[in-house]
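Here's the letter readout for the chains.
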Amino acid sequence: MAEPVVRIPDAKVALSTASVYPESTATAFEIAARLGYDGVEVMVWTDPVSQDIEALRRLSDYHEVPILAVHAPCLLITQRVWSTDPWVKLQRARAAAEKLGASTVVVHPPFRWQRQYARDFVSGIWRMANETDVRFAVENMYPWRYRDREMLAYAPDWDVTKDDYRHFTVDLSHTSTARTDALHMIDRMGDRLGHVHLADGNGSNKDEHLVPGRGTQPCAELLERLALSGFDGHVVIEVNTRRAMSSAEREADLAEALAFTRLHLASAVKVPRR
């Protein structure tokens, strides 16, 4: 019997612009092009370029790197980016995605102190999802911990599978911080899993975002499951390279993350030779 050959799945592997911090959004496009990523996910944050649709379009065209996703400005440090109204932020993220040809907007569940936003969040996300072809993929978060205390910072819940959304983002650094089983989480997400933030972690209270393979999360197993299931979303490398001692070391980390991802997406999918 002929040996099987590996079939590479259709899922594209993108670089989050957050992965080059403290370097700029523009640097992320340069690195993504040089290393051979399929595209980028733009983290909209305090870098003015990340907020400027025309600047992003020029970077994408110049480097020939498509923008596959837009991460809405949901972080504490981005509370004033694109308005202080969280719904306006999402409307602008959707408009950016539509204009840039991105298929996905990544959004976090609200902070608990955003009471009105949290109260209407699930129905509001459905309403916005019904108005566009762009996927609103709601991302799993984690409890905040300090010593032995735990604070539930997100509402309706950090575990987004407890609520009804059309699409989910799974983040493996967040499953690590939450100390929850990532494979069980994607089982609960089922065919509504639309987007992946690939990173690793060791169960620290801090959101570590390690290079895949350097922690305890089932990064390889998750990628192999995605390949076997015919996953049609994007796998985004979202890692922390702030401790890199040089640009070369940062780029080596991002090359390692890409190689790990491509290897494990391909390794599980084999078809017989004819």
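Residues numbered from 1 in each chain as written. Predicted model: local features only at pLDDT ≥ 70, side-chain atom pairs only at ≥ 80, totals over all residues. Heavy atoms only, no water.

Colleague: Sorry, what's going on with the overall build of the protein chain here?
Modeller: Counting its regular elements, the protein chain contains 8 helices and 12 strands. A compact globule built from 274 residues should have a C-alpha radius of gyration of about 19 Å, and the protein chain, at 18 Å, falls within 12% of that. By its C-alpha atoms, the protein chain is 60 × 40 × 40 Å across when sized along the principal axes. Of all 274 residues assigned to the protein chain, the portion counted as buried reaches 54%. Here the analysis covers contacts within the protein chain between residues at least 6 apart in sequence; of these, 75% occur between residues at least 24 apart. (Helix = DSSP H or I, 4+ residues; strand = E, 2+ residues; numbered from the N terminus. Rg over C-alpha atoms; globule rule 2.2 N^0.38 Å. Buried < 20%, exposed > 50% of the residue type's maximum accessible area, 1.4 Å probe, protein only. Contact = heavy atoms within 4.5 Å.)

Colleague: Explain the layout of surface pockets to me, please; I cannot follow it from the model alone.
Modeller: Rolled over the atoms, a probe with the dimensions of a water molecule shows which regions are left empty. Computed from the structure, the largest pocket encloses a volume of approximately 880 Å³. In terms of lining, the largest pocket is formed by 33 residues, of which the most central are Leu75, Ile77, Asp207, His209 and Arg242. Taken together, the residues of the lining of the largest pocket sort by class into 16 nonpolar, 10 polar and 7 charged. Broken down by class, the residue content of the lining of the second largest pocket amounts to 3 nonpolar, 4 polar and 8 charged. (1 Å grid on protein atoms, 1.4 Å probe; cavity = no way out; pocket = protein on both sides within 12 Å on 5 of 7 lines; lining within 4 Å. Points joined across faces, edges and corners; volume = space filled by probe spheres on them. Nonpolar A, V, L, I, M, F, W, Y, C, P; charged D, E, K, R; others polar.)

Colleague: Hey, could you run me through the pairing of strand β9 (residues 167-171) in this one?
Modeller: Where a strand is regular, its side chains alternate between the two sheet faces. With 5 of 5 residues buried, β9 lies mostly within the body of the structure. In the sheet, strand β6 (residues 135-139) pairs with β9 via 3 bridges, with the strands oriented parallel. From the neighbouring strand, Val138 faces β9, where its bridge partner is Phe168. Sheet topology places β9 next to strand β10 (residues 193-198); 4 bridges connect them, and they run parallel. Bridge pairing in β10 links Phe168 to Leu193. (Pairing = 2+ DSSP bridges.)

Colleague: What am I meant to see in the packing of aromatic side chains here?
Modeller: Remark: the centre distance and the inter-plane angle together describe each pair of aromatic rings, the angle taken between the planes. Within the structure shown, the criterion is met by 12 aromatic pairs. Both rings, one in Trp87 and one in Tyr117, keep their centres 5.0 Å apart while their planes meet at 85°; by these two values the pair is edge-to-face. With Trp87 in helix α3 (residues 86-100) and Tyr117 in helix α4 (residues 115-129), the pair connects residues that are 30 residues apart, well separated along the chain. Pairing Phe111 with Trp113 gives two aromatic rings, centres 4.6 Å apart and planes at 5°, and the pair type is stacked. (Phe/Tyr/Trp six-rings, centres within 6.5 Å; stacked < 30°, edge-to-face > 60°.)

Colleague: Explain helix α1 (residues 25-35) here, please?
Modeller: Note on helix geometry: an α-helix contains 3.6 residues per turn, so any two residues three or four positions apart are oriented the same way. Thr25, Thr27, Ala28, Phe29, Ile31 and Ala32 are the residues of α1 that are buried. Just past α1, the residue Gly36 takes up positive phi, approximately 90°.

Colleague: Honestly, the environment of Asn140 in this entry has me stumped. Any pointers?
Modeller: Looking at where Asn140 falls in the secondary structure, it is placed in the loop between β6 and β7 (144-146). For Asn140, a relative accessible area of 0% gives the class buried. Separated by 43 residues in sequence, Asn140 and Leu183 place their C-alpha atoms 13 Å apart. Those residues within four positions of Asn140 in sequence are excluded, and the remaining contacts are Trp158, Val160, Thr169, Val170, Asp171, His174, Thr175 and Met185. Within the structure, the side chain of Asn140 is placed 2.7 Å from the backbone nitrogen of Asp171, a separation counted as a polar contact. (Polar contact = N/O pair within 3.5 Å; in protein donor to acceptor, adjacent residues only side chain to side chain.)

Colleague: Which parts of the structure should I look at to understand unusual backbone geometry?
Modeller: Omega for the peptide link from Tyr21 to Pro22 comes to 15°, which places this bond in the cis form. Residue position: Pro22 is located in the loop between β2 (12-16) and α1. A cis amide bond, omega 5°, links Ala155 with the succeeding residue Pro156. Take Pro156: it is sitting in the loop between β8 (149-151) and β9. We note that Arg179 has phi near 60°; this positive angle belongs to a residue other than glycine. Mapped onto the elements, Arg179 comes out in the loop between α5 (172-178) and α6 (182-189).

Colleague: What am I meant to see in a nonpolar patch on the surface here?
Modeller: Where nonpolar side chains cluster on the molecular surface, the patch consists of Leu76, Ile77 and Trp113 and spans about 320 Å² of accessible area. Overall, the relative accessible area of 41% leaves Leu76 in the partly exposed class. (Patch = residues over 30% accessible without salt bridge, like charges linked within 9 Å, V, L, I, M, F, W, Y side chains within 5 Å. Areas by Shrake-Rupley, 256 points an atom, 1.4 Å probe, with all protein chains shown as cover. Salt bridge = Lys/Arg side-chain N within 4 Å of Asp/Glu carboxyl O.)

Colleague: Would you mind going over the side chain of His209 with me for this structure?
Modeller: With respect to the element layout, His209 can be found in the loop between β10 and α7 (219-229). Overall, the relative accessible area of 10% leaves His209 in the buried class. Reaching out from His209, the side chain makes a polar contact with the backbone oxygen of Glu238 at a distance of 2.7 Å. The residues contacting His209, other than those within four sequence positions of it, are Asp171, Ser173, His174, Ala199, Asp200, Glu238, Val239 and Asn240.

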